[in-house]
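# Examination of the molecular architecture
So you can see what is in the structure, the chains are spelled out below.
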Amino acid sequence: MVGRLVVLLLLANLGWFAWSQGWLRTVGLAPTVQAEPERLERQVRPESLTLRPLDAASAAAESAAESAATPAATSARPEPQASTEEAAPATLASTEVAATTPAPTPAAAAGACLEAGAFTEQQIDAVRRAAASLPGGSWRIDRVQLPGRWMVYIGKLADADAVRTKRGELRDLGVDTDRPGVALEPGLSLGRFSTEEAAQRALTDLGRKGVRTARVVQERRDTPAYVLRLPNADASLRQQARALRGALAGKELRACD
């Protein structure tokens, strides 16, 4: 079996070799020759064509021409434009900044209302003269009514020694004391109240603690008074208003009620 295969392979090789060499052309078994003689016939004076190597000068000129053409082509290429998606974050950021920046409020631009007082008839004249140094229209003086005030009071006592003795007795009972004011000295104040009823209740409570000599007095009747107001005090006006401190009888400018 093997011998037959070897013989068949030899015969096949011999047949391929004979075919490739054209030995079988007589029986119509030769390879097709690829030739185009008409191209040679169309050539014009082929003997005048000469091939020669490119010299150094020509090579340099050709290289320079190629280099000059490359930037021109690059510059002519349109620049890529930013897409809408890339530009959108920048627009959003600008909007957020504008939204979160607080706008100045009318109160901040106009200033704040400040006031000092209340002042008595005698005190307000000095305040008025001092305020005249401020810009016109930046201040005013308003008349107000101070309500009456009542006091739980012990007095009048004999002298300062009697006041000290009584204060010690009250301290032992757990009762706090204060000065009653010039008109009611020598004496002791056990509390001040905006109504007479409140003062009477306090007197009753003190009686349970052992206080026997106290009574309710009206410390102040309804009294007219005056208040200095700066309706729109900006930083500049507040700075100028510091010069008024000497005329304010110890009272400070504060936010209006």
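Refer to the structure presented above.
Attention in this report is confined to the structure presented alongside it. (Residues numbered from 1 in each chain as written. Predicted model: local features only at pLDDT ≥ 70, side-chain atom pairs only at ≥ 80, totals over all residues. Heavy atoms only, no water.)

## Some points on the sheet that holds strand β7 (residues 254-255)
Taken in spatial order, the 4 strands make up an open sheet running β2-β6-β1-β7, and their pairing is antiparallel. Strands with a single pairing partner mark the edges of an open sheet, and in this sheet they are β2 (140-146) and β7. When strand β1 (residues 112-119) meets strand β6 (residues 223-233), the two strands line up antiparallel, connected through 6 bridges. Among the inter-strand pairings, L114 is bridged to a residue of β6, identified as L230. Along the sheet, helix α6 (residues 121-131) contacts β1, β2 and β6; its crossing angle with β1, the most-contacted strand, is approximately 145°. (Pairing = 2+ DSSP bridges. Helix = DSSP H or I, 4+ residues; strand = E, 2+ residues; numbered from the N terminus. Contact = heavy atoms within 4.5 Å. Axes fitted to C-alpha atoms, helices over the stretch in contact; angles between N-to-C directions.)

## Examining the state of the cysteines
Summed over all chains, the structure comprises 1 disulfide. With its sulfur 1.9 Å from that of its partner, C113 forms a disulfide with C256. One disulfide, between C113 and C256, carries an S-S torsion of -75° and so falls in the left-handed class. Of this pair, C113 sits in strand β1 while C256 sits in the segment after β7; the two residues are 143 residues apart in sequence, bridging distant segments of the chain. When its relative accessible area of 23% is taken as the criterion, C256 is described as partly exposed. (Disulfide = S-S within 2.5 Å. Buried < 20%, exposed > 50% of the residue type's maximum accessible area, 1.4 Å probe, protein only.)

What is shown is where atoms sit, not what they do.
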